[in-house]
Structures are given as C-alpha cells and as structure tokens.
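# Overview (structure and organization)
One-letter residues, chain by chain:
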Amino acid sequence: VHGFTLFPRELSLETYQYVFQSQGSKLLNAYKNSILTTLCGTALSVLITVCYAYVLSVKGFRFGNKLAFFAYFTMLFNGGMIPTYILIKNLGMLDTIWALVIPTSISVWNLIITRTYFQSTIPGEVQESASVDGCDDFTFLIKIAIPLAKPILAVNVLLYAVGHWNSYFNEMMYLSTNTKFPLQLVLREILVNMGTAGMTLDVTKQLEMQETKYLLQYSSIIVGSVPVMLLYPFVQKYFVKGIMVGAIKG
C-alpha cells in the first residue's frame with residue numbers, strides 16, 4: 001500500500017538493530033567520548049562565562065570596558081580556520097580533548113545574557129552591604145551571586161552542552177585517532193559508508209539502499225538526540241526565566 005497515513009502502519013526497529021549490531025562497540029566508545037567532551041567542555045565554559053560575566057557586571061570596575069571590548073570584538077572578527085589550526089598545532093593540542101573544549105570555551109552571546117542577568121537581578125546595594133561586612137568579590141560570587149543565578153546557570157549548561165554534543169566540524173579538523181571520535185563523527189561515517197556501498201549495485205538495489213539510508217539517517221538523529229532530550233526536562237523550568245531575564249533587561 002502506497003501513500004501516507006497519520007500513524008505508522010507498523011513499528012520497526014530494524015535500523016536501530018543494524019546501527020547497534022554492526023557498530024555497537026564503536027558507538028559505545030563514541031558515546032563515551034562525546035559524554036566526556038560535553039561534561040568537560042560544559043563545566044569549563046560555564047565556569048569561565050560566569051566569572052567573566054560577574055566581572056563585567058560589577059559597577060565601577062576599572063577595566064570593565066576593556067574586558068567587554070575584548071569579548072565583543074570576537075563577534076565581528078576572528079583569526080580564521082587555518083591560523084586557528086596552526087595555533088592549536090603549535091600548542092600541542094591536536095588529537096586531544098583540549099582542542100575541542102578550550103577554543104570554544106566561551107560564547108559571547110552567553111556572556112552577554114549572563115552579565116545582563118547579574119546586573120538586573122543582583123542590586124548593587126547588596127554587593128556594597130556585603131563589602132562593608134568584609135565579603136570580598138570571590139566570596140560574594142560563590143555564596144551570593146551564583147545561588148541567586150540558578151536560572152541563568154541552567155541556560156548556560158543547556159546551551160553549552162547542546163553545542164558540545166552536536167559539534168563535529170572541530171572534531172573533523174583536530175582529531176585523527178578513530179578511537180577518539182565522538183558520536184557525531186561516528187554516525188557521519190556510518191552514513192557515508194552506507195552511501196558509497198551502493199554505488200556498484202544495479203538500479204533496483206540502489207533504490208533499496210537509498211531507502212535504507214534514509215531510515216538510517218532518521219534513526220541516527222534519534223540516537224544522537226536522546227541524551228539532550230533527556231537533559232532538557234531537568235533545566236526547562238529555569239531555561240525560559242533565565243534566558244528572558246538575561247536577554248530583555250539591561
């Protein structure tokens with residue numbers, strides 16, 4: 001029967017079986033690499049973003065404008081792909097996790113909304129009062145600012161985690177060892193190999209292979225998206241509040 005229906009005619013998990021049976025060990029290793037990169041990259045990015053944003057949000061800070069300029073400048077200009085690759089190579093970070101997490105450790109957009117959130121939700125009088133009581137900036141950040149900034153922390157965690165999880169271009173450039181490939185690169189390899197495997201077949205077989213390739217693409221999307229889909233419900237209640245306050249006010 002041809003055509004489309006509102007609901008699937010039958011439930012089939014054959015493509016998922018193919019993915020995990022033929023590439024099971026490679027996928028598990030890729031999952032491990034992606035999880036490690038995402039955890040390390042997100043932790044580093046959130047730490048740098050929160051510290052940088054807090055410094056920019058402090059009124060009267062002497063070098064605030066200069067530090068803000070250094071960040072905003074990168075939204076308009078960057079070193080380019082080849083100079084960046086040469087820099088990563090000269091720093092000895094090629095084929096390591098550091099090449100994936102350090103160059104992308106901060107997003108200026110996230111920095112802006114985090115700084116705006118600090119400015120709009122933590123009155124300057126609170127910091128002045130804490131300073132009179134002998135509280136330094138580091139203690140204020142750890143004990144007062146961060147506990148009050150849970151929504152914007154959730155925004156940063158989600159945005160950075162999704163970015164690291166879905167990243168594949170930097171991995172293609174900087175990684176050369178197959179066992180270090182993340183999930184996105186392994187899924188890409190499976191799809192590429194699936195596409196080249198049918199080139200020598202007759203037309204009928206090629207059509208069948210093409211249909212299988214489409215099914216494999218859709219199943220690969222689910223395999224790669226499930227971890228992020230599981231993360232979102234835990235931060236959803238903070239996400240809307242944090243991004244709206246950080247983006248609108250200021």
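Now for a quick tour of the structure.

Time to look at the overall build of the protein. When you go through the protein residue by residue, the secondary structure sums to 11 helices and 0 strands. Seen in sequence order, the protein has helices and strands lined up from the N terminus as α-α-α-α-α-α-α-α-α-α-α. Expressed as a percentage of the 250 residues in the protein, the buried residues total 34%. Considering only contacts within the protein whose residues lie at least 6 apart along the sequence, 77% involve residues at least 24 apart. Carbon and sulfur atoms form 66% of the exposed surface of the protein, whose accessible area is close to 15,900 Å².

Quick look at the packing of aromatic side chains now. Applying the stated criterion across every chain, the model contains 8 aromatic pairs. Taken together, a centroid distance of 6.1 Å and an interplanar angle of 20 degrees make the contact between Tyr85 and Tyr174 stacked. On the criterion of sequence distance, the pair formed by Tyr85 in helix α3 (residues 81–90) and Tyr174 in helix α9 (residues 169–174) is long-range, its members being 89 residues apart. A relative accessible area of 32% places Tyr85 in the partly exposed class. Look at Tyr174 and you get buried, because its relative accessible area is 4%.

Quick look at helix α7 (residues 137–148) now. All buried positions along α7 are accounted for by Phe140, Leu141 and Ala145. An end-on view of α7 places all buried positions within 95 degrees of arc, on one side of the element.

With that settled, consider unusual backbone geometry. Of all residues except glycine, most have a negative phi; of all peptide bonds, most are trans. One non-glycine residue, Asp95, adopts positive backbone phi at about 60 degrees. Examined against the element boundaries, Asp95 turns out to sit in the loop between α3 and α4 (98–101).

Analysis parameters
Residues numbered from 1 in each chain as written. Predicted model: local features only at pLDDT ≥ 70, side-chain atom pairs only at ≥ 80, totals over all residues. Heavy atoms only, no water. Helix = DSSP H or I, 4+ residues; strand = E, 2+ residues; numbered from the N terminus. Buried < 20%, exposed > 50% of the residue type's maximum accessible area, 1.4 Å probe, protein only. Contact = heavy atoms within 4.5 Å. Areas by Shrake-Rupley, 256 points an atom, 1.4 Å probe, with all protein chains shown as cover. Phe/Tyr/Trp six-rings, centres within 6.5 Å; stacked < 30°, edge-to-face > 60°. Arc of directions from axis to C-beta.

Keep in mind these values describe shape, not function.
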